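Fold and contact review
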Amino acid sequence: MATKNLPNEVVSNILRNVIKVSGFKALFKVRHLCKQWNSLVPVVIQDELSKVDGKGWSLLAAYSDNKLKWHYLNPFQLTYNDKTKIILGEFQEFPSIPIKPYVCFALVFDHKKASKKLKYKDFWGLPWPINNKQSEIWYEKEGNGVCFRRESDDVNVQVVGLKIDAIKFLEYLQQSV
């Protein structure tokens, strides 16, 4: 490829333009053009994620203790794992959420439209009871997941982590902007 003499900054700008013009899916395709592009794609993705930490989207926790309640959680740090194509999110504050009788989670990109647009299939349901006595529990659906911290038989959990399919998340994020 003719770009091997270009500085990394120039190639990074080209890759950012690929995102603007063709989307994140195209970014994952063009990375195979040469080694330099392949090595810079994860850097560009991480740069893009640093711009959206806790902005424009959140994890919605819906739970019920006689009345349905909604709680929006915003991760403060997103990191991209290039080997697994997964984005991991950490939460600065660990809100305590009751899991009895149930709690469900969904990614939300527009809070105002969320209650109208979300369908049951969009949620990750957490059944009661969680029989796992470990302090940290991952609940996953189709590669996406939520990590909880739980103390013994407590009926509350704290959300401590999030795992999201990178391509789907980035595409949704781009559509919502």
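Residues numbered from 1 in each chain as written. Predicted model: local features only at pLDDT ≥ 70, side-chain atom pairs only at ≥ 80, totals over all residues. Heavy atoms only, no water.

Within an unreviewed UniProt entry, the label attached to the protein reads F-box domain-containing protein, and the organism entered is Diversispora epigaea.

Here's the deal with helix α1 (residues 8–22)
End to end, α1 covers 21 Å across 15 residues, agreeing with the expected 21 Å (1.5 Å per residue, within 8%). Among the residues of α1, those classed as buried are V11, S12, L15, R16, V18 and I19. End-on, the buried residues of α1 take up no more than an arc of 150°, which puts them together on one face. For α1, exposure combined with an orientation more than 90 degrees from the buried face picks out E9, K20 and V21. (Helix = DSSP H or I, 4+ residues; strand = E, 2+ residues; numbered from the N terminus. Expected span 1.5 Å × (residues − 1). Buried < 20%, exposed > 50% of the residue type's maximum accessible area, 1.4 Å probe, protein only. Arc of directions from axis to C-beta.)

Points about the side chain of R31
Looking at where R31 falls in the secondary structure, it is placed in the loop between α2 (24–30) and α3 (35–52). A relative accessible area of 5% places R31 in the buried class. Within the structure, R31 has its side chain in polar contact with the side chain of D82 (distance 2.9 Å). Those residues within four positions of R31 in sequence are excluded, and the remaining contacts are W37, N38, V41, P42, Y80, D82 and K85. (Polar contact = N/O pair within 3.5 Å; in protein donor to acceptor, adjacent residues only side chain to side chain. Contact = heavy atoms within 4.5 Å.)

Here's the deal with the pattern of salt bridges
Under the definition given, this model contains four salt bridges. The shortest N-O distance in the salt bridge between R16 and D47 comes to 2.6 Å. Of this pair, R16 sits in helix α1 while D47 sits in helix α3, and the two are 31 residues apart along the sequence. In this structure D47 comes out as partly exposed when scored by relative accessible area, which is 30%. Salt-bridge contacts for R16 lead to E48; the nearest nitrogen and oxygen are separated by 3.8 Å. Note that R16 is positioned in helix α1 and E48 in helix α3, a separation of 32 residues in sequence. Residues joined in a network through salt bridges with shared partners are R16, D47 and E48. (Salt bridge = Lys/Arg side-chain N within 4 Å of Asp/Glu carboxyl O.)

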